[in-house]
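One-letter residues, chain by chain:
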Amino acid sequence: MSSAHPITPVRVYLAVFVALLVGTALTVFAASIDMGAMNTPVALGIAVAKASIVAIYFMGLRYTTPLTKVVAVAGLFWLFIMFGLSMSDYLTRSWMGVPGR
Amino acid sequence: MANAHEHALAGGHAVVPAADDHHNPNLQHHFYSMEQQFEAATLGMWVFLVTEIMFFGGMFTAYLVYRTMYPESWVAGSHELNVPLGGINTGVLICSSFTMVMAVRCAQLGEKAKQIGYILATMVFGVAFLGIKAYEYAEKFHHHLVPGPHFNPALPRSEQIFFALYFMLTGVHAAHMIVGLGIMTTILVMTLRNRFSPDYYTPVEIAGLYWHFVDIVWIFLFPLLYLIGYHVGA
């Protein structure tokens, strides 16, 4: 037997499928409530939760080698470097009060 | 078992191929075992997906920069998008991810007929997504919301930036869907030619990783484009 992934029961996949649909309904519902500055963080939180269960269960990340898991997390790490360094520029430009920023 | 291929991936030589692997025609000569070959393919695909994260990440960075500059244009722009259709499309993609994962499972079990059915279902959902997307794009053309000389002159210029990013992000995503349909066609033909077995279904698994990744991108695009101003009311 050479398949590296154990066979996942159908009910696990069904549960993830239902959770993703519920998550989508929840996103739309949460977006309809005025939470002020919290609307976007809540929407992103639900999206991250949905993306995580897709990666862990549907993409079988839980059965991969530690090296593959590190690669997957590294992708997010570099993404946040890009976001962080870009925004550290754009968000601080007005601090100087110099024209032409 | 898990430990053995970790050693192999780390360059160790502790792995002795299982006896039956010598006879598996799908085992490339530079791998110790089918197991190690599978792990290497999975790792390679994840490395590719990281480059995809960074590829979409560049556009998401542009989105972030301009949204902080013109938040009101983002709210106004999202009001022009069709939330019910975007929501339905999110559901369609989730359905396609489910049928995809079931196709991989059937490949693992050697259930060829069911696997073909699930691959076809995945493709039907993929085509449905693109059809709805095409309808939405047509709507934007009718409403003069496509950036350029015919953009509604009553709207501020920053509104064009929102729609430029909307078309870029969803357009590149749709292009990935079209590529995904090509990959599914390939997998379908390979399945029909009996290329897969419970001992070797790596291409199905790898195609699944790609399909799910494209689904994940949409999971972020839907709230970040369609739902920004949903609570304010159009």
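One can find the structure itself at the top, above this paragraph.
One structure accompanies this document, and this report is about it. (Residues numbered from 1 in each chain as written. Chains lettered and ligands numbered in written order. Predicted model: local features only at pLDDT ≥ 70, side-chain atom pairs only at ≥ 80, totals over all residues.)

Helix and strand counts for chain B stand at seven helices and zero strands. Each helix (α) and strand (β) of chain B, taken in turn from the N terminus, gives the series α-α-α-α-α-α-α. A total of 234 residues make up chain B; the buried ones form 41% of that total. Counted over contacts in chain B with a minimum sequence separation of 6, partners at least 24 positions apart contribute 72%. (Helix = DSSP H or I, 4+ residues; strand = E, 2+ residues; numbered from the N terminus. Buried ≥ 20, exposed ≤ 12 C-beta atoms within 10 Å, placed from the backbone. Contact = placed C-beta atoms within 7 Å.)

Attention now moves to the nonpolar core. Counting residues in each nonpolar core, the largest one holds 73 residues, and the members touching the most others are Ala103 and Val204 of chain B. Filtering out sequence-adjacent residues up to four positions away, alanine 103 of chain B remains in contact with Gln115, Tyr118, Ile119, Thr122 and Val204 of chain B. (Core = buried A, V, L, I, M, F, W, Y, C linked by C-beta atoms within 7 Å.)

To continue, consider unusual backbone geometry. Residues and elements named next belong to chain B. Look at histidine 144: it is not a glycine, yet its phi comes out positive at around 55°. If you trace the backbone, histidine 144 turns up in the loop between α5 (112–142) and α6 (157–192). Classification of histidine 144 as partly exposed rests on a count of 13 C-beta atoms within 10 Å. Its identity is not glycine, yet asparagine 194 carries a phi of approximately 60°, on the positive side.

A few words now on the interface of chain A and chain B. Opposite the 43 residues of chain A that make contact, chain B presents 45 residues. Those elements that provide at least two residues to the side of chain A that touches chain B are α1 (10–31), α2 (39–58) and α3 (66–90) of chain A. Among the elements that line the side of chain A that touches chain B, the one with the most residues is α3 of chain A, at 14 residues.

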